[in-house]
Amino acid sequence: MFSVSNLSCSRGGKRLFSGVSFTLQPGQWLHLEGDNGVGKTSLLRLACGLSALEEGEMMWNHQPVVQNSEAFRANLAYLGHQLALKEDLTPLENLRADAAVAGRHLTTEEALQALAQLGLRGREHLPVKVLSQGQKRRTALARLLVRAAKLWILDEPFVALDNAAQNALTQIINGHLANQGMVLLTSHQAVSLSGMGFSYRLAA
Amino acid sequence: MSAFVAIVRRDLTLALRRKNEVITSVFFFVVVAALFPLGIGPEMNTLRLVAPGILWIGALLASMLSLGRMFAADFADGTLEQMALSPNSLTMLVAAKILAHWLLSGLPLVLLAPVLGLQFDLSANALWILTLSLLLGTPILSLIGAIGAALTLGVRGGDVLLSLLVLPLYVPALVFGAGAVQAELSGLGASAHLSILAAMALVAAVFSPWASAAALRIALES
């Protein structure tokens, strides 16, 4: 269970949002909505611990995240605007290095399977720099499949994906939810996810 | 531990696929060390006198060249975020980055130094001490440099600021590193200098990854 209460954030002396509270139970998703510049990305970065908390509290399985950050991070997969891909490495190498940094040993078969699930079969051994924008995003999304993280925090995961990839991603997220996972995402598109979920509109 | 190995391996693989970055700083060292004998002239005694200082300053500047890149690419493409979110401690991951930086920019200098030292008519003993002093000293350069690189990450004009920040901190390593060779040349023995150099490397190895990780977290917050 992941819950945040009373989060606030200021940027450049301007209050972006305050008093944000929500709870995610296993199998639930939360779609964060809001206009540009309202602080969606800031909230996600706050939630995954990249920014320091100004006020409020975050709990992971009834324990404060600040005191149990390792247990929290072991269960967290974050996909931001930056894809964290090395252009000179292949998708396979990127995936394996990423899993190792996240503290997971990944076999080649697992990695290939994850890439195939996102339609990257036959691209595994090309340097990422020759892939298209959409294929790069697919490579970054394949990371979600190999992380074994309970909580996915996704910043605009549907951007730059074609219809097939959007459907594949929706299925992957649904599978994660069915598996008692939790998803916190932002998207300007309408999302149609299964399971329990709700939208949260962030307003200034 | 596997994360540590994975980061070192990734950085080495990246360097192999983009060789020019490694070659630039090594080539810089070779050129600087080769220009001095040409400029000073074939005066053996003078050359022997200035050799330790010149080779050490060359190594110092060469390692400076690659410092700015230590975290910049990872910061720009988001890899650093993922490292900060890893359940492994960022300190350990940063230590792996520093080790990879030393293997790519410090170790080649250590291996080249005896060859370049020949141009300055250094004796076999002095060459040996020079190599040893660089072997102990170049890790200090990477370690202290990492703190500077982390602090100036994302700052506009960061490269100049980085040199201003880091070069003064290199002074002790330079004094004892070049001093070791001079002591050997003058017959005093270099063991005292080398011990101090080793002690500095150990202190830096303990504090630098921790300090760099703290600075990187600040850079990531914005």
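Attention here is on the structure that accompanies the text. (Residues numbered from 1 in each chain as written. Chains lettered and ligands numbered in written order. Predicted model: local features only at pLDDT ≥ 70, side-chain atom pairs only at ≥ 80, totals over all residues.)

Side note on the interface of chain A and chain B
Under the convention used in this document: Whether two residues are in contact is decided by their C-beta atoms, placed from the backbone, lying within 7 Å. To qualify as a helix, a DSSP run of H or I must reach at least 4 residues; to qualify as a strand, a run of E must reach at least 2; elements of each kind are numbered from the N terminus. Amino acids are sorted into nonpolar (Ala, Val, Leu, Ile, Met, Phe, Trp, Tyr, Cys and Pro), charged (Asp, Glu, Lys and Arg) and polar (every other residue, Gly among them).
With 25 residues of chain A in contact, the opposing surface of chain B contributes 23 residues. Those elements giving two or more residues to the side of chain A that touches chain B turn out to be helix 2 (69-74), strand 6 (76-79) and helix 3 (91-101) of chain A. Here the side of chain A that touches chain B takes four residues from helix 3 of chain A, the largest share from any one element. By residue class, the composition of the side of chain A that touches chain B is 14 nonpolar, six polar and five charged.

Considerations on unusual backbone geometry
Residue and element names in this part refer to chain A. Positive phi outside glycine occurs at Ala-84, with the angle close to 60 degrees. Take Ala-84: it is sitting in the loop between strand 6 and helix 3. The residue Glu-156 is not glycine, and still its phi comes out positive at about 50 degrees. Within the secondary structure, Glu-156 is located in the loop between strand 7 (151-155) and helix 6 (163-178).

Topic: the sheet that holds strand 6 of chain A
Residue and element names in this part refer to chain A. Condition: Being paired, for any two strands, means DSSP has found at least two bridges between them. Here the axes come from fitting lines to C-alpha atoms, over the contacting stretch only for helices, and the angles between their N-to-C directions go from 0 to 180 degrees.
Across the sheet, five strands lie side by side as 6-7-8-3-9; this open sheet has parallel pairing. A single partner strand is all that each edge strand has here, and the edge strands are strand 6 and strand 9 (196-201). Sheet twist, expressed as the average angle between the axes of neighbouring strands with direction ignored, equals 10 degrees. Inspection of the sheet shows strand 7 paired to strand 8 (residues 182-186) by five bridges, in the parallel sense. Opposite Trp-152, over in strand 8, you have Val-183 as the bridge partner. Contacts between helix 5 (residues 133-147) and the sheet are confined to strand 6 and strand 7, with strand 6 contributing the most and set at about 175 degrees to the helix.

Take it as geometry only, folks, not as evidence of what the structure does.
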